[in-house]
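One-letter residues, chain by chain:
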Amino acid sequence: MAENLDPVWMIMFIVRIVFAVAIVFFMSILILSLSISLDDDQLKRFSHELSENILSSELAESKGIISEAKLDSFIANSSNLISNVYPGMGDEAAFMLGDIQFGQYPNIEPNFARHCLIGYSASIRELNGDRFWDFGYRPSGLEEYGLADENFKSSQESFPISVMKRDGSLQQAEMELRVFIDPMTRYSCLAEMAKTTKEKQELGMPLCTISRCTVSIRNFYDRNNYTCTIESPHQGSSDAEYVACRYLPGVSIIPSSLTYLKDEKKKLVAYPVKEGAPYSDIMSDPDNSMQISQDNCDSLKAAWIATDADNVKSVIFCMEPR
Amino acid sequence: MHGVTSIRNFISITILLIMLVGFASPLQASVQDVINTDASLQAELIASKINVLRAAPDGTGTRISLPDAKCTVKFENTFLTITYQKAVSSPTTVTKHLIQNPTVIQSFEEECPNSFFLKKNNGVISVD
């Protein structure tokens, strides 16, 4: 008992207790503050899945071996398709759709490997030769949207492949895939889904980081082969400065210019529209293009939204509160 | 006195270890629960398998195990939808798109938890 009354022993005892309580408290905080979140690196994995599809597609002689003749034919056919739909393309069209004058870079994600939401470009290059083939979606810069960087995701992966030359020899090559999720791929997927499912499709818009964000969506030069965004809602189809275009054949977009303010919570809704639906051309009064777009949305939503029994003629985008 | 101190230390360390072991099990369960009930992640995992199967030659098959949770998975040609029933809130539905290629997927619906075999024959993927 004598030691229990020893002040030094008592102080040390208290110190030990405090120390033990502190450790338990600290551990409790660590355990209780633990939160689990999952991130599955979607784009990187998608690149590998996409490569599987391309390397076993109609371009392949056998798995992993791409045919030079089939590649040439695919690039030529894609370029012809663009030339036929957009004859006499100017520099801007060539920039958006690919420099097809030289049979290269067609902005086409082919039917044998494409994805609604994720856009991609493929670049196949011979390692010991000088031939290369590029095709696919090309995203634009960031500045025109006024959106934060996290809305533009991309990934890049390379895969070793072989190219079978016309004489039957094999040439070592590399296929580089760049995959993207950005506003353009989201909008085009929304339009594609609205047309395919005949149901409205919604996309929560990211917060606008500038005073006012504008989303202007229309087809490329009024043909139903590409879905594009343009820089300014006041530009007509002839002088529009296209920001990004994605190949989406057969989907007619009713041109619209929609806007939302900084920190406003909005969603973009794509509605499938029945044949014969009347709407006003936003370029008939460019200064009021946003009001006309809103009026088009209001009138078409009232009576012209397609259902299962209807043929979908076109898709209209509307901005609505979340 | 050294003996008493040693016993105290031994008891303290034992209690600490018991606490750690006691926490480990619920922690593991909670991690597994998060994985099983994360609709987006589960949809991604299933979509990945089907994307690879779509690129595979005819005759290839794969087994898909749905998570141990209350959910429904619906497959249509270019997308799959997974819906989780929640006890206290409205259901969570996630739609994931599949890579589009000439391979066709027969539409079907499965309830969780479940395991089924998908096979590709003549360019068509169906439940075997």
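Residues numbered from 1 in each chain as written. Chains lettered and ligands numbered in written order. Predicted model: local features only at pLDDT ≥ 70, side-chain atom pairs only at ≥ 80, totals over all residues. Heavy atoms only, no water.

**Structural notes on the overall build of chain A**
Put simply, the rule reads: Secondary structure elements are defined from DSSP: runs of H or I of at least 4 residues count as helices, runs of E of at least 2 residues count as strands, and each element is numbered from the N terminus. Two things to know: the radius of gyration comes from C-alpha atoms, and the globule rule equals 2.2 Å times the number of residues to the power 0.38. Every residue pair with non-hydrogen atoms within 4.5 Å of one another is taken to be in contact. For the area figures, the Shrake-Rupley method with a 1.4 Å probe applies, and any residue is considered shielded solely by the protein chains shown.
When helices and strands are tallied, chain A shows six helices and 14 strands. Taken over the C-alpha trace, chain A has a radius of gyration of 28 Å; the compact-globule value for 322 residues is 20 Å, which it surpasses by more than 25%. Considering only C-alpha atoms, chain A reaches an extent of 105 × 60 × 40 Å along its principal axes. Nonlocal contacts in chain A, meaning residues at least 24 apart in sequence, comprise 70% of its contacts between residues at least 6 apart. For chain A, the exposed area adds up to about 15800 Å²; of that, 53% sits on carbon and sulfur atoms.

**Structural notes on the domain arrangement of chain A**
All names here are of chain A. This is how the line gets drawn: An automatic or database domain assignment is the source of the domain bounds shown. In this description, buried area is defined as the sum, over both parts, of the accessible area (probe of 1.4 Å) that is lost when the two are combined. The salt bridge definition used is simple: a Lys or Arg side-chain nitrogen within 4 Å of an Asp or Glu carboxyl oxygen.
Its domain assignment divides chain A into domain 1 (34-181) and domain 2 (183-321). Here domain 1 and domain 2 have C-alpha centroids that lie 26 Å from each other. Facing the 28 residues of domain 1 at the interface are 31 residues of domain 2. Counting the surface lost from both domain 1 and domain 2, the interface buries some 2700 Å², and carbon and sulfur atoms represent 58% of this. Connecting domain 1 to domain 2 are two salt bridges. The salt bridge partner of arginine 114 is glutamate 192, with a shortest N-O separation of 3.1 Å. Elements with a minimum of two residues in the side of domain 1 that touches domain 2: α3 (68-85), α4 (91-97) and β6 (170-181). Per-element accounting of the side of domain 1 that touches domain 2 gives the leading share, four residues, to α4.

**So, the nonpolar core**
All names here are of chain A. The test is simple: Put simply, buried Ala, Val, Leu, Ile, Met, Phe, Trp, Tyr and Cys residues joined by side-chain atoms within 4.5 Å make one nonpolar core. When a residue's accessible area, from a 1.4 Å probe over protein chains only, is under 20% of the maximum for its type it is buried; when over 50% it is exposed; and in between it is partly exposed.
Ranked by internal contacts, the top residues of the largest apolar core, which has 28 residues, are Leu50, Tyr120, Met175 and Leu177. For this core, the secondary-structure elements that each account for two or more residues are α2 (42-54), α3, β3 (119-126), β4 (132-136), β5 (153-164) and β6. At five residues, the largest contribution of residues to this core is made by β6. The residues touching methionine 175, leaving out its near neighbours within four places in the chain, are Ser51, Ile54, Leu55, Ser123, Ile124, Glu157, Ser158, Phe159 and Ile161. Core analysis: the next-biggest nonpolar cluster, separate from the first, contains 27 residues, Ala191, Met205, Tyr260 and Met319 among them.

**As for the interface of chain A and chain B**
So the rule is basically this: Definition of a polar contact: a pair of N or O atoms within 3.5 Å, with one able to donate and the other able to accept a hydrogen when the atoms are protein atoms, and with sequence-neighbouring residues admitted only if both atoms are side-chain atoms.
In this assembly, 29 residues from chain A lie in contact with 28 residues from chain B. Buried surface at the junction of chain A and chain B, summed over both partners, amounts to about 2400 Å²; 66% is from carbon and sulfur atoms. Between chain A and chain B we count one salt bridge in total. One salt bridge connects glutamate 44 of chain B with arginine 45 of chain A, and the closest N-O pair in it is separated by 2.7 Å. Here chain A is connected to chain B by 11 residue pairs in polar contact (both at pLDDT 80 or more). Here the side of chain A that touches chain B gets seven residues from one element, more than from any other, and that element is α2 of chain A.

**Some points on the pairing of strand β14 (residues 312-321) of chain A**
All names here are of chain A. Note the following rule: Strand pairing is assigned whenever DSSP detects at least two bridges linking the two strands.
Within β14, eight of the 10 residues are buried, which leaves it mostly tucked inside the rest of the structure. Examined bridge by bridge, strand β11 (residues 253-254) and β14 share two bridges and lie parallel to one another. Paired with isoleucine 254 across the bridge in β14 is isoleucine 316. Judged from the nine bridges that link them, strand β13 (residues 266-274) and β14 form a sheet pairing that is antiparallel. Bridged to lysine 266 within β14 is proline 321.

**A few points about the sheet that holds strand β2 (residues 71-75) of chain B**
All names here are of chain B. Note the following rule: Every axis in this analysis is a line fitted to C-alpha atoms, fitted for helices over the stretch in contact. Angles between the N-to-C directions lie between 0 and 180 degrees.
With respect to topology, four strands assemble into an open sheet ordered β4-β3-β2-β6, the strand pairing being antiparallel. Across the chains shown, the open sheet's two edge strands, defined by having one partner strand only, are β4 (92-97) and β6 (108-111). Strand-to-strand twist of the sheet, defined as the mean angle between neighbouring strand axes without regard to direction, takes the value 15 degrees. Sheet analysis places β2 next to strand β3 (residues 79-84), joined by five bridges and oriented antiparallel. Bridge pairing links lysine 74 to threonine 81 in β3. Seen against the sheet, helix α2 (residues 39-55) touches β2, β3 and β4 and runs at an angle of roughly 150 degrees to β3.

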